[in-house]
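# Topology and contacts: notes
Now for the letters of each chain:
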Amino acid sequence: MRHVVVMAGTGAIGLMAVFAVDLLNLFYISRLNDPALTAAIGFTGAVGYVQIAVSIGMSIGLGAVTARQIGCGHHERARRIASSFLLVMIATTALLGLGMLLFSAPILHLFGATGRAAEQAGRYIRIVSPGLWLIAVGMGCSSLLRAVGDARRSMNVTLVGALASAALDPLLIFGLHLGLEGAAISTVLSRGFVAALGFHAVRRHDMLEWPAARYILSDARLVGGVATPAILTNLATPIGGLVVTHAMATFGLAAVAGQATIDRIVPVAFAFVFALTGSVGPIMSQNLGAGQLDRVHQTLVASLKLVALCVAVTWLILLPAQNLVVAGFSAQGTTAALIRLFCTWTVGGYVFIGMLFVANTAFNNLGFPLYSTLFNWGRATLGTIPFVWIGMRYGPCGVQIGQVLGSVVVGSWAVLSAFSVVRRLKPGRVTPGLATELPARTAKSAMVELDELDEEQQVADDLADRPGNRTATSA
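This section reports on the structure supplied with the text.

## Some points on empty space enclosed by the protein
The gaps of empty space that remain are located by a probe, the size of a water molecule, rolled over the atoms. This structure, assessed with the given rule, holds one cavity of 30 Å³ or more. Its boundaries defined by the atoms lining it, the largest cavity holds a volume of some 40 Å³. Lining the largest cavity are V266, F270, V273, F274, V311, Y350, I353, G354 and F357. Of all elements in the fold, only α11 (271–289) and α14 (350–365) reach the threshold of two or more residues within the lining of the largest cavity.

## Brief notes about the packing of helix α3 (residues 75–102) against helix α6 (residues 132–147)
As a packed pair, α3 and α6 sit with axes 8 Å apart at the nearest point and diverge in direction by 150 degrees. Overall, the two elements α3 and α6 adopt an arrangement that is roughly antiparallel. The two elements α3 and α6 meet at a crossing, and its hand is right-handed. Judged by residue contacts, A82, L86, M89, I90, T93, A94, L96 and G97 of α3 engage L132, W133, A136, V137, G140, C141 and L144 from α6. Split into classes, the residues belonging to the contact of α3 with α6 amount to 12 nonpolar, three polar and no charged.

## Here's the deal with the pattern of salt bridges
What the rule picks out here adds up to two salt bridges. Between R123 and E119 there is a salt bridge, with its nearest N and O atoms 3.0 Å apart. With a gap of four residues between them, R123 and E119 both fall in helix α5 (residues 115–128), about one helical turn apart. Put simply, E181 and R123 hold a salt bridge, and the shortest N to O gap is 3.7 Å.

## Structural notes on the nonpolar core
By size, the foremost hydrophobic cluster in this structure holds 55 residues, and its most contacted members are F270, F342, F363 and L366. Of all the elements in the fold, those that place two or more residues in this core are α9 (213–249), α10 (253–269), α11, α12 (293–328), α13 (333–344), α14, α15 (369–380) and α17 (396–424). Counting residues per element, this core draws most heavily on α12, at 11 residues. Leaving out residues up to four positions away in the same chain, F270 has contacts with C310, V311, T314, V347 and Y350. Formed by 29 residues, the second largest nonpolar core is a distinct cluster that contains A64, V65, V157 and A227.

## Observations concerning the environment of S186
Structurally, the position occupied by S186 is in helix α8 (residues 179–204). Judged by its relative accessible area of 0%, S186 is buried. Residues S186 and A167, 19 residues apart in the sequence, show an inter-C-alpha distance of 8.8 Å. Excluding anything up to four places from it in sequence, S186 contacts S165, L168, D169 and L172.

## Thoughts on the packing of aromatic side chains
Under the defined criterion, the tally for this structure stands at six aromatic pairs. The interplanar angle of 10 degrees and the centroid separation of 5.7 Å between the aromatic rings of F363 and F375 together place this pair among those described as stacked. Remark: F375 occurs in helix α15 and F363 occurs in helix α14; sequence separation between them is 12 residues. Its relative accessible area of 0% is what places F363 among the buried residues. Ring geometry for F368 and Y371: centres 5.3 Å apart, planes at 20 degrees, overall stacked. Taking the relative accessible area as the measure of exposure, Y371 reaches 3% and is therefore buried. A cation sits over an aromatic face here: R393 above W389, 4.6 Å from the ring centre.

Conventions used here
Residues numbered from 1 in each chain as written. Predicted model: local features only at pLDDT ≥ 70, side-chain atom pairs only at ≥ 80, totals over all residues. Heavy atoms only, no water. 1 Å grid on protein atoms, 1.4 Å probe; cavity = no way out; pocket = protein on both sides within 12 Å on 5 of 7 lines; lining within 4 Å. Points joined across faces, edges and corners; volume = space filled by probe spheres on them. Helix = DSSP H or I, 4+ residues; strand = E, 2+ residues; numbered from the N terminus. Axes fitted to C-alpha atoms, helices over the stretch in contact; angles between N-to-C directions. Parallel < 35°, antiparallel > 145°, perpendicular 65-115°, else oblique. Left-handed = near helix turned anticlockwise from the far one by under 90°. Contact = heavy atoms within 4.5 Å. Nonpolar A, V, L, I, M, F, W, Y, C, P; charged D, E, K, R; others polar. Salt bridge = Lys/Arg side-chain N within 4 Å of Asp/Glu carboxyl O. Core = buried A, V, L, I, M, F, W, Y, C linked by side-chain atoms within 4.5 Å. Buried < 20%, exposed > 50% of the residue type's maximum accessible area, 1.4 Å probe, protein only. Phe/Tyr/Trp six-rings, centres within 6.5 Å; stacked < 30°, edge-to-face > 60°. Lys NZ or Arg CZ within 6 Å of the ring centre and 35° of its normal.

If you want it as structure tokens, here you go:
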């Protein structure tokens, strides 16, 4: 429990700083009294989420695989995999950023951006996208720091970016009168600070070396088996949000404003829950690699207890403070009703969303990330659409209740499946956690391949160092 609290707590501090700076950024732009700029921030956030989702998924895979190797005592192999895949992350995100730069106009059109808002959003994206690889490096290094248990430096990497952005935003936006372009430049510079600090911190743990060309593809396959489903999992979130927003829009702008207000409260209120998902994964992976399956179970149980505690504390704060929240956002009518419903009742439903997050973490780090993808997309579709459709009959409050009820069903099913996966684990071997048969090349097969190579790798590395055997070993 102490291990989970320390890892998640430090992560929550970093996330809270990021969310606070995002709100400040939006506040600064809104002070320019230009609705087009404020709308542009919304569109760039939607596009940016797709970009960041790729980086997050790749960092999850990197952390899961390297943490398991560290748990097995194979530090040299963990360093080799980390070095290989970090290079792959840089190349992939650089290409993605270039693509976003070239096709920013049609992409923004798909999100509904038009007129001056689309023009301003396009400028922002064209400045930020080429530096996407910087945040990928920062996230990858932060994940590696959690894999080796250095929670403090992992937190500091995130904090540096947040503090740099907080300092640069007002200077560039107001001081140099650059407006939204100043916010974009601030984003790129802060990402550069994150990448530099993360790289330096990981080097202190001797977790990086010059990538060996003959291992890059094989290491990328192993990590990609975990990272690809994790990316798909992260991309499910905006789909579910789109369904809810569309449903709220049928009841007018006040309903949309209420939902938007709640969406801003949630990341701040549940930063600990969000941090938990990225922090406990390496703990599970290390103990799986070390054959300590009882500790994997203990980590899962401890995480669920902390989710319940976090939601309970948040509920106790928001329930008596709901009038202050309503007044703070100058909410009236339907907007105020939705906020009060959230603070009074539906906030409790986030315990099941937290359960889903914890279960997804277990799937991603125990060799079953496709389950994480299925449950997240299940929540975004079957766990959202029918419940919201029924809730629409009872007005915007019914939509909010329907969204939470869908999470209750999916979250409960996911956590029961996670316990099933943990019960079926065996030391040194990943076994199926559910009856469903997975495709041949999945994260499960990648993790099994890791097991098979664990015993062979040391011999192979020794042979590779001998001139007479180098060719055969590479083959």
